[in-house]
Amino acid sequence: MKVPLLDLKPPLKDLRDEIVETVTRVIDSTRYIMGPEIDELEKEIAEYCGTEDAVGVSSGTDALLISLMVLEVGPGDIVLTSNFSFFATAGVVARLNATPVFVDIDPETFNIDPEQLRVTLAEMDEERRKRVKAIIPVHLYGQCADMAEISKIAENFDIPVIEDCAQAIGAECKIDGQKRCAGSIGDFGCFSFFPSKNLGGIGDGGIVTVNKSELAELLRLKRVHGGERSYYHRVIGGNFRLDPIQAAVVRIKLPHLNGWHEQRQKNAQNYNKLFAESGLNEKIRTPLIMHPKTMQNPHIFNQYVIRTERRDELQSFLEAQGIASGVYYPIPFHLQECFQFLGGKKGDFPASETAAKEVLALPVYPGMTTGMQERVIEQIKAFHLS
Ligand SMILES: *Cc1c(COP(=O)(O)O)cnc(C)c1O
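Since we're looking at a predicted model, the values are computed, not measured. (Residues numbered from 1 in each chain as written. Predicted model: local features only at pLDDT ≥ 70, side-chain atom pairs only at ≥ 80, totals over all residues. Heavy atoms only, no water.)

(A) Structural context of the sheet that holds strand β3 (residues 99-103). Reading across from one edge, β3-β2-β4 is the order of the 3 strands in this open sheet, with parallel pairing throughout. Two strands close off the open sheet at either side, each with one partner strand: β3 and β4 (132-136). Mean inter-strand twist for the sheet, computed between neighbouring axes without regard to direction, equals 25 degrees. In this structure, strand β2 (residues 78-82) lies alongside β4, joined through 4 bridges in parallel fashion. Its bridge partner lying in β4, Val 79 is registered against Ala 134. Across the sheet, helix α5 (residues 114-122) touches β2, β3 and β4, and the angle it forms with β3 is around 130 degrees. (Pairing = 2+ DSSP bridges. Helix = DSSP H or I, 4+ residues; strand = E, 2+ residues; numbered from the N terminus. Axes fitted to C-alpha atoms, helices over the stretch in contact; angles between N-to-C directions. Contact = heavy atoms within 4.5 Å.)

The following block contains the structure:
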């Protein structure tokens, strides 16, 4: 039995006809740039995330980039972010010639550690702290970073927050006892419709959620080269438009999203149960859910990530048995070749360095069978007995 890391076919099966019909409708409309599909999706995502507005953009990466551009982040500025994420989170900062300053993660959740964030800010002198133009927490694997603490720190220093929600659409957390969705807490929520995310299109796409109308207006302006009227440019923007075909497909999928979240959470629980029964507790650490009981979507499991010391050997063993797994991410930002100019070195961020060596994502996608999950556990057991 082969087990892929992700299979997009099971959820596609029921929606295929509707998607083909809708894409055909967009083609026949000849409305290929912006238009009603984007307007409608923006309303629907804002409602789903509990925000005032949402602005469709070309990708999750561009969602982050355009948000930084709205904040006018540029040379000399500093942006604080997690040291352990997909490249885009830090790449966008460097692309604007600003300086990313990395913060280590909480080893239990893999998300930015608010205490380390506090320390990083406390160690800056006044002049340097004034250059900090944004904090980008990442809701890694589908669980919210500690937004209650991060928001307090950000407010204290009056620093805008850009949530990287690419892996966490619909993930919930509690702020002052209130249930809140990823992307509704900071100033910007940046989402990706890359096909492997929980809500994916049939190509690239993204969206930015906001609560302030002046930010929505600036996002819409920057999305089309910074001009309300063609050829008259108030500010410098770019082409950050969302493709109407992607918007149309994402709209078809959105009503099914909570059902898919539920299936992923069920699969995760089943893995937890199988691991508990397997006697591998010493060797394997299963993911921690911060608020398991109080919310519908405390973790949406874009990835189900275990930790184990013999990660690379285990991954090769599984691969030989036809079981795919993934390493997100093998190198923390401060050790990436392209960021060597920032002067990071081994030992600077112990929690992310250990995570990079130990994390392994197992297949958790909606539509995978219990038989497949049992096979994964069985082979992980076989590895430890061999
Ligand atoms: C996928 C992802 C992005 C980038 O999204 P794209 O749509 O691929 O550009 C950014 N941050 C994180 C954490 C991601 O997982």
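(B) Local environment of helix α10 (residues 257-278). Between the first and last C-alpha of α10 there are 31 Å, a value that for 22 residues agrees with the 32 Å anticipated at 1.5 Å per step. Check the buried side of α10 and you find it contacts α1 (9-29), α2 (36-49), α9 (244-253), β10 (304-307), β11 (359-362) and α13 (370-385). (Expected span 1.5 Å × (residues − 1).)

(C) Expanded view of the domain arrangement of the protein chain. For the protein chain, the assigned domains are domain 1 (9-255) and domain 2 (257-385). The C-alpha-based centres of domain 1 and domain 2 are spaced at 24 Å. Of all residues in domain 1, Tyr 141, Gln 143 and Asn 198 give up the largest surface area on contact with domain 2, accounting jointly for 20% of the area buried on that side. One can count 1 salt bridge joining domain 1 with domain 2. We note a salt bridge from Glu 108 to Arg 285, for which the minimum N-O separation is 3.4 Å. In this assembly, domain 1 and domain 2 are joined by 25 residue pairs in polar contact (both at pLDDT 80 or more). Elements represented by at least two residues in the side of domain 1 that touches domain 2 include exactly α1, α4 (88-95), β3 and β6 (172-175). (Domains from an automatic or database assignment. Buried area = accessible area lost by both parts, 1.4 Å probe. Salt bridge = Lys/Arg side-chain N within 4 Å of Asp/Glu carboxyl O. Polar contact = N/O pair within 3.5 Å; in protein donor to acceptor, adjacent residues only side chain to side chain.)

(D) Fine view of the pairing of strand β7 (residues 178-181). With 4 bridges joining them, β6 and β7 adopt antiparallel strand pairing. If you follow Cys 173 over to β7, its bridge partner there is Arg 180. Taken together, β6 and the strand that follows it, β7, pair antiparallel across an intervening segment of 2 residues, in which Asp 176 is found at a positive phi of about 50 degrees.

(E) The site of the ligand, seen in detail. Residues in contact with the ligand amount to 15 residues; listed here are only the nearest, Gly 60, Thr 61, Gln 167, Ser 192 and Lys 197. At 2.8 Å, a side-chain N or O of Asp 164 approaches a nitrogen atom of the ligand. Within the side chain of Gln 167, a nitrogen or oxygen atom sits 2.8 Å from an oxygen atom of the ligand. For the ligand, whose unbound accessible area comes to 380 Å², protein coverage reaches 93%. Taken together, the elements giving at least two residues each to the shell around the ligand come down to α3 (60-70) and α4. (Near = heavy atom within 4 Å. Areas by Shrake-Rupley, 256 points an atom, 1.4 Å probe, with all protein chains shown as cover.)

(F) Structural detail: the nonpolar core. Counting 50 residues, the largest nonpolar core has Ile 45, Leu 80 and Leu 117 as its most contacted members. Mapping this core onto the domain boundaries places at least three of its residues in each of domain 1 (9-255) and domain 2 (257-385). Setting aside chain neighbours within four positions, we find Leu 80 in contact with Val 101, Leu 117, Thr 120, Leu 121, Met 124, Val 132, Ala 134, Ile 135 and Ile 136. Counting residues in hydrophobic clusters, the runner-up holds 38 residues, among them Leu 140, Tyr 304, Ile 323 and Val 376. (Core = buried A, V, L, I, M, F, W, Y, C linked by side-chain atoms within 4.5 Å. Buried < 20%, exposed > 50% of the residue type's maximum accessible area, 1.4 Å probe, protein only.)

(G) Expanded view of the pattern of salt bridges. Under the counting rule described, the total for this entry stands at 23 salt bridges. Of the charged contacts, one joins Glu 149 and Arg 118 as a salt bridge, the two residues approaching to 2.7 Å between their closest N and O atoms. In this pair, Glu 149 is assigned in helix α7 (residues 147-157) and Arg 118 in helix α5, connecting sequence segments 31 residues apart. Arg 118 gets classed as partly exposed once you look at its relative accessible area, which sits at 30%. Across the salt bridge formed by Lys 179 and Glu 172, the nearest N and O atoms sit 3.7 Å from each other. What makes Lys 179 partly exposed here is its relative accessible area of 48%. By relative accessible area, Glu 172 is classed as buried at 8%.

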